[in-house]
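Each chain, written out:
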Amino acid sequence: MSATPLPPTATLRTIGRRRFVFPSLLRNPLALFGLLWIGLLVVLSILAPVLPLQDPLQQNLTQTLQLPSAEHILGTDTLGRDVFSRIIWGTQPALLGAALAVVTALILGATLGVIAGYVGGWFNAAASRFADLIFSLPAMVVLLALAAVFGPSTAISMISFGVLLSASYLRLAQASTIAVRRELYVDAAKVMGFSTPRIIGSHIVRNVAGPVIVQISLTFGVALMIQASLGFLGLGPPPPTPDWGGMIAEASNAIFLQPWLMVPTGVVLSLTILSANLIGDAIRDGSAMKRPPSVLRRDRKKTGTLQPLQMSSPESLLEVSDLTVTFPSPDGDSHVVRNASFSVDRGEIVALVGESGSGKTMTALSIMGLLPFPGTVTSGQIRFAEVGDLVQASEAQMATLRGSQIGLISQEPMVALDPCYTVAAQLLPTLRRHRGLDRGAARAAARQLLGEVGLRNVDDVLASYPHQLSGGMAQRVAIAMALAGNPKLLIADEPTTALDVTVQAGILDLLRELQATHDMSIIIVTHDLGVVADVASRAVVMEHGQIVETATVSELFAAPEHEYTRSLIAATPSLVESEANHG
Amino acid sequence: MLKVIGRRLAVAIPMLIVISTLAFFLVSIIPGDPVVALLGPDATAEEYARVRAELGLDRPVFVQYFDWMFALVQGDMGESIRTGRDVAPTIIGRLPVTVSLAVIAIIATAIIGIALGLVSSLRGGAIGRVAQVGSVVGTSVPNFWLGILLVLVFAVNLKVLPATGYVPLDKAPGQWAAHLVLPVTAITVAAVAAIARQTRSAMNDVLGRDFIRTLLATGTPRTSVIYRHALRNAAIPVVTSLSFQFINLLSGSIVIEQVFALPGLGQLLVVAITGRDIPVVQGVVIVTAILVIIVNLVVDLVNAWLNPKVRTS
């Protein structure tokens, strides 16, 4: 049973700076069902006194435990009372009780949370401890202990449960207030004419509205469940008052005589909790960012025919022709790369240049066969010397080529390594797989390789976890991982962007050096023309998914043909400066 | 290891003191004269005096508090107002039932919930959607109602499992297990659903991270990427939410013990409420808090094993 408030991990996950977009609940059939069901119950419970219902308290001992009939559409209970009528009469207290808990939680939690986040200091710490305390108490034990003190009372139980639920609202409001304060701290000086608390207030309301609505919906379901559990344990309103939990308890006593009696109340209770959960889920899923595209879920409709193809020149290692990469979507397919053609010679360093969104990374990933789902290559060829057309390779075939023919270095070294394993635990299996080494030989190879990428104290590095490395060290480790299988082509996707300026030059020098010693080709994906000028011999310029210019680097800077290239060069101050100096 | 235990105890001990203090003050918040409230208006003067002395109400409140805490530290939780028996041994006698329920339930929750979450994360399409809707339905069915339905189907109609009751583990292990199947199922369904959702979202989160691409780019086999790397990373938030599920399962077992007539802490607590047997209630509150602390400690240790950042910081 979800008896305690939602765990803080779930709560904090839903907090974001992005603005809450209220999704159309009506378009989600499950949420629509939930809205209609709860709406129906609200209407019926309000209209109960005027509806032509039978008296929920009217006993008829000659007609007990009846199955549904025209007279009693859901049958009768142990005392011959009409079950349908009792369920409807029990709806209002059930909904009001749950609402009481939710309102208590909202008011208490939001107030304490905002104050804690705003005031900070000891009050903030105390509020956090208060939430921790509540999260570690089983709700049922607390409610039963209070029932022992105060006697059974729905109002006291539901207000107390509201206090328990308030912890999750508190966390939500607290985290959001702190985030808003941090955000506004810098801006506050610029803003004139508004008091800070007022600005914070409006920001918080805007930021928290979505998660809070989700929370209201989900905690409403939990409160219904708890209230029914208390009724079932005999702590609800005293008989003969109709109460859902109490009715299920009565039915369970007559289970051998008339099992049907279990069904109506239980189904209504379950459907009501389900409705609250469905509405909450729909809002959460609708407002949350779509799940990140995963490289593991891929289109596997490949022919799997991989045979060496004729290359246009013996010097060519890679020839991309007419490549189109498409992300299908219901609102129309988006072609992130369109009819791209370029080639990479053996031993050459080619730069793939463009702004973010120009399609350069997608071009690089399609060579690796690692396009994020649901992106696919919809046309064109990627010919790799002595291997064949990579577009046609099956996932298993690509897996054998990755690392051994083509290596990849990612943009963010700090997140490119698995945080749960040491460098040794990640590098050694890779070396053993590619080079067929035993454990000892792999370790020796790892030490040698790490030395080659410019790391000192290699034994310390091998024993380190990624979070213990600096960005530059992590990028060198990532390069070592990529080189473990001696690939013929290394794809470096913005390898220096996330690094300190002082470290950048070192990584570029290393790449140039490795290119020479390993006789590799390198594709360097970058937005930085400084990097291009530094390492590449040829550049392929991309804009909006298309290649707009291909030239040697000296040609490119001397006489850029395309308008876009000229604007890129103009936007790179160091190049403009150096040109001015030359001139 | 010792650092992890130390950190947990530094949180747990103050928390236990706070909870014990709150439990102590349960008596003071009883409306009116607690002794009259506890015994009703018809008791004799001697009975009032006995209970007043038993609760220590004839002394200043802070003297009562320190006496009570001092006794508690020595494992003395006072005597039951109704039965006159010592509370601590009574609770210890009931503990195996509730602990069996909750511990089996949390283990089943971890195994089934993580497996289902993994499947629904890796398999898109129809299976994924069924798993998603199933997990919402699973969290929406009240455990006590589900428990009764299970009795109806498996005990009354199919007659394959006993309907109610409890057999101690050391008397007949087979019977012990048979008596726990239905109650454990009843409280586990919702927890499994919650953990499956958590696993699914954690896996989706991890599979979108850069290091997965790095691993694939070095030619690491898919199974190794999923089970050795992605699952281990995804397990960190899942283990944390397992500790919250354990607290929910304790709540669930209190209710479900009524359905299956299991002589555990829940039953003790429900009987104590009707008798307003405050010392028993206080004892159960404190023992539950200790159970939660033990489980949180286990979770901390598992997390330290999973997550090097916890271990090395």
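Within each chain, residues carry numbers counting from 1 in the order of the written sequence. Chains and ligands are labelled sequentially in the order written, the chains with letters from A and the ligands with numbers from 1. Per-residue local features are limited, in this predicted model, to residues with pLDDT of at least 70; the limit for side-chain atom pairs, both in listing and counting, is 80 or more; totals at the level of whole chains, interfaces and linings are taken over all residues. The side-chain values count all of the structure's non-hydrogen atoms but skip hydrogen atoms and water molecules.

Notes on the overall build of chain B
The secondary structure listing takes helices from DSSP runs of H or I that are at least 4 residues long and strands from runs of E that are at least 2 residues long, numbered from the N terminus. Looking only at helices and strands, chain B has 13 helices and 0 strands in total. Dimensions of chain B, computed from C-alpha atoms along their principal axes, come out at roughly 85 × 55 × 35 Å. Accessibility here uses a 1.4 Å probe with only protein chains present; expressed as a share of the type maximum, an area under 20% marks a residue as buried, one over 50% as exposed, and anything in between as partly exposed. Here chain B holds 313 residues, and 55% of them are scored as buried. Contact definition: two residues touch when any of their heavy atoms are within 4.5 Å. When contacts within chain B are restricted to residue pairs at least 6 apart in sequence, those whose partners lie at least 24 apart make up 74%. Accessible area for chain B stands at about 13200 Å²; split by element, carbon and sulfur atoms hold 69% of it. In these tables, accessible area is a Shrake-Rupley quantity obtained with a 1.4 Å probe, and a residue counts as shielded only by the protein chains included in the view.

Observations regarding the overall build of chain A
A count of helical and extended segments in chain A gives 21 helices and 10 strands. Counting all 583 residues of chain A, 52% fall into the buried class. Working note: accessible area of chain A is about 24700 Å², and carbon and sulfur atoms make up 60% of it.

Observations concerning the side chain of Gln174 of chain A
All names here are of chain A. Here Gln174 shows up in helix H6 (residues 154–187). A residue is classified by how much of its surface remains accessible, and Gln174, at 6% relative accessible area, is buried. Residues in contact with Gln174, not counting those within four places in the same chain, are Gly113, Ala116, Gly117, Asn124, Ala127 and Ser128.

Some thoughts on the environment of Gly165 of chain B
Residue and element names in this part refer to chain B. The residue Gly165 is located in the loop between helix H7 (143–157) and helix H8 (173–207) in this model. Its relative accessible area of 18% is what places Gly165 among the buried residues. Separated by 22 residues in the primary sequence, Gly165 and Ile187 place their C-alpha atoms 16 Å from one another. If we skip the residues at most four places from it in the chain, Gly165 touches His179, Phe260, Ala261 and Leu262.

Focus on the pattern of salt bridges
Residues and elements named next belong to chain A. For salt bridges, the criterion is a side-chain nitrogen of Lys or Arg within 4 Å of an Asp or Glu carboxyl oxygen. Summed over the entire model, instances satisfying the criterion amount to 20 salt bridges over all chains. Among the ionic pairs, Asp459 bridges to Arg443, the shortest N-O distance being 3.9 Å. Here Asp459 is found in helix H15 (residues 458–463), whereas its partner Arg443 is found in helix H14 (residues 439–452), with 16 residues between them in sequence. The class of Asp459 is partly exposed, set by a relative accessible area of 33%. Bridged by salt links that share partners, the residues Asp77, Arg81, Arg86 and Glu250 form one connected network.

Observations regarding a nonpolar patch on the surface
All names here are of chain A. A surface patch of nonpolar side chains, about 440 Å² in accessible area, is lined by Val42, Val43, Ile46, Leu47 and Val50. Looking at the secondary structure, you find Val42 in helix H2 (residues 29–47). Exposure remark for Val42: the relative accessible area of 34% places this residue in the partly exposed category. Patch building starts from residues that exceed 30% relative accessible area and form no salt bridge, then joins like charges within 9 Å and nonpolar side chains (Val, Leu, Ile, Met, Phe, Trp, Tyr) within 5 Å.

Considerations on the pairing of strand E10 (residues 546–552) of chain A
All names here are of chain A. Direction of pairing for strand E9 (residues 538–543) relative to E10: antiparallel, over a ladder of 6 bridges. Across the sheet, Arg538 pairs through a bridge with Thr552, a residue of E10. When DSSP finds two or more bridges between a pair of strands, those strands are recorded as paired. Following E9, the chain reverses through 2 residues before pairing antiparallel with E10; His544 in that reversal takes a positive phi of roughly 50°.

Here we look at helix H11 (residues 265–274) of chain B
Within H11 of chain B, 7 of the 10 residues are buried, which leaves it mostly tucked inside the rest of the structure. Of all the residues in H11 of chain B, the buried ones are Leu265, Gly266, Leu268, Leu269, Val270, Ala272 and Ile273 of chain B. Where H11 of chain B is buried, its residues meet helix H5 (139–150) of chain A together with helix H5 (87–122), helix H10 (222–259) and helix H12 (278–306) of chain B. Remark: Arg276 of chain B follows H11 of chain B within two positions and exhibits a positive phi of approximately 45°.

Some remarks on the packing of aromatic side chains
Remark: the centre distance and the inter-plane angle together describe each pair of aromatic rings, the angle taken between the planes. Here the aromatic set is Phe, Tyr and Trp, taking the six-membered ring for Trp, and pairing holds for ring centres within 6.5 Å; pairs whose planes are under 30 degrees apart are stacked, those over 60 apart are edge-to-face, and all others are tilted. In total, this model carries 9 aromatic pairs over all chains according to the counting rule given. With a centroid separation of 5.7 Å and 80° between ring planes, the pair formed by Trp122 of chain A and Phe123 of chain A is classed as edge-to-face. For Trp122 of chain A, a relative accessible area of 69% translates into the label exposed. Seen from their ring centres, Phe135 of chain A and Phe244 of chain B are 5.8 Å apart, and the 80° between their planes marks the pair as edge-to-face. Remark: Phe244 of chain B occurs in helix H10 and Phe135 of chain A occurs in helix H4 (residues 121–135); the pair is interchain, linking two chains. Taking relative accessible area as the criterion, Phe135 of chain A reaches 3% and is therefore assigned buried. The buried category is assigned to Phe244 of chain B, whose relative accessible area is 12%. Through a chain of ring-to-ring contacts, three or more aromatic side chains come together here, namely Phe24, Phe25, Tyr65, Phe66 and Trp68 of chain B.

With respect to the nonpolar core
Nonpolar side chains in soluble globular proteins generally cluster together in the buried interior. Grouped together as the largest cluster of nonpolar side chains are 205 residues, with contacts concentrated most on Phe161, Ile367, Leu489 and Ile523 of chain A. Broken down by element, this core gets its largest block of residues, 18 residues, from H10 of chain B. Either an automatic procedure or a domain database provided the assignment from which the domain bounds are taken. Here this core spans two domains, since at least three of its residues come from each of domain 1 (21–46 + 79–285) and domain 2 (316–413 + 489–582) of chain A. For this analysis, a nonpolar core means a set of buried residues of the types Ala, Val, Leu, Ile, Met, Phe, Trp, Tyr and Cys, connected via side-chain atoms within 4.5 Å.

Digging into the side chain of Ser316 of chain A
Looking at the element boundaries, Ser316 of chain A is found in strand E1 (residues 316–327). On the basis of relative accessibility, which here comes to 3%, the residue Ser316 of chain A falls in the buried class.

Digging into the environment of Arg129 of chain A
All names here are of chain A. By the element assignment, Arg129 lies in helix H4. Put simply, Arg129 and Ala167 are 38 residues apart on the chain and 10.0 Å apart in space, counted from C-alpha to C-alpha. Of the polar contacts made by the side chain of Arg129, one reaches the side chain of Asp132; its length is 3.0 Å. Any pair of N or O atoms that falls within 3.5 Å is considered a polar contact. Within protein, one atom must be able to donate a hydrogen and the other to accept it, and sequence-neighbouring residues count only if both atoms are side-chain atoms.

Quick word on the sheet that holds strand E5 (residues 388–389) of chain A
All names here are of chain A. Taking strand neighbours across the sheet as the criterion, the 4 strands line up as E2-E1-E4-E5 in an open arrangement whose pairing is antiparallel. A single partner strand is all that each edge strand has here, and the edge strands are strand E2 (334–345) and E5. Bridging between E1 and E2 involves 8 bridges; their strand directions are antiparallel. Note on E2: the bridge partner recorded for Phe327 is Ser334.

Description of the interface of chain B and chain A
The accessible area lost on association of the parts is a frequent measure of interface size. Between chain B and chain A, the residue contacts involve 82 residues of the former and 85 residues of the latter. Buried area is calculated as the accessible area (1.4 Å probe) missing from two parts once they are joined, with the contributions of both summed. The contact between chain B and chain A buries some 7200 Å² in all, and 68% of this surface belongs to carbon and sulfur atoms. When the buried surface of chain B facing chain A is broken down by residue, Phe144, Trp145 and Arg213 of chain B rank first, second and third, together holding 9% of it. Between the two partners, chain B and chain A, sit 1 salt bridge. One salt bridge connects Asp281 of chain A with Arg197 of chain B, and the closest N-O pair in it is separated by 2.8 Å. Our enumeration of links across chain B and chain A arrives at 18 residue pairs in polar contact (both at pLDDT 80 or more).

Considering the sheet that holds strand E7 (residues 489–493) of chain A
Residue and element names in this part refer to chain A. Strands sit in the order E6-E7-E8-E3-E9-E10 across an open sheet of 6 strands; the sheet is mixed. Looking at strand neighbours, the two that pair on one side only are strand E6 (406–409) and E10, the edges of this open sheet. Recorded for the sheet is a direction-independent mean angle of 15° between the axes of neighbouring strands. By the bridge criterion, 4 bridges tie E6 to E7 in an arrangement that is parallel. Axis angles are defined between N-to-C directions and span 0 to 180 degrees, where every axis is a line fitted to C-alpha atoms and, for a helix, only to the segment in contact.

Here we look at helix H10 (residues 360–368) of chain A
For H10 of chain A, the tally of buried residues reaches 7 of 9 residues, placing the bulk of the element in the interior. Within two residues after H10 of chain A, Gly369 of chain A carries a phi angle of roughly 70°, on the positive side.

What to know about the layout of surface pockets
Put plainly, a pocket is an open set of points on a 1 Å grid over the protein atoms alone with protein on both sides within 12 Å along at least five of seven lines, a cavity is a set where a 1.4 Å probe fits but cannot get out, and a lining residue has an atom within 4 Å of a point. Grid points are joined across faces, edges and corners, and a volume is the space filled by probe spheres set on the points. Roughly 640 Å³ of internal volume is contained in the second largest pocket. Residue lining of the second largest pocket: 24 residues in total, with Asp132 of chain A together with Arg8, Thr240, Asn296 and Asp300 of chain B positioned closest to the centre. Elements supplying a minimum of two residues to the lining of the second largest pocket: helix H1 (8–13) and H4 of chain A together with helix H1 (2–24), H10 and H12 of chain B. Across the lining of the second largest pocket, the residue classes break down as 12 nonpolar, 6 polar and 6 charged. Put simply, Ala, Val, Leu, Ile, Met, Phe, Trp, Tyr, Cys and Pro go in the nonpolar bin, Asp, Glu, Lys and Arg in the charged bin, and everything else, Gly too, in the polar bin.

What about the confidence of the model for chain B?
Across chain B, the average pLDDT comes to 89, with 99% of residues at or above 70. Overall fold confidence (pTM) sits at 0.86, and the ipTM for the predicted complex is 0.91. One confidence number per residue, pLDDT, is output by the predictor and ranges from 0 to 100.

Some words on unusual backbone geometry
Residues and elements named next belong to chain A. In this structure, Pro240 follows Pro239 across a cis peptide bond, with omega equal to 5°. Structurally, Pro240 can be placed in the loop between helix H7 (196–232) and helix H8 (244–253). Of note, the phi angle at Asn486 is positive, near 50°, even though the residue is not glycine. Residue Asn486 is classed as partly exposed on the basis of its relative accessible area of 41%. Positive phi values are uncommon outside glycine, yet His544 reaches one of about 50°. On the secondary structure map, His544 appears in the loop between E9 and E10. Of the residues examined, His544 reaches a relative accessible area of 57% and is grouped as exposed.

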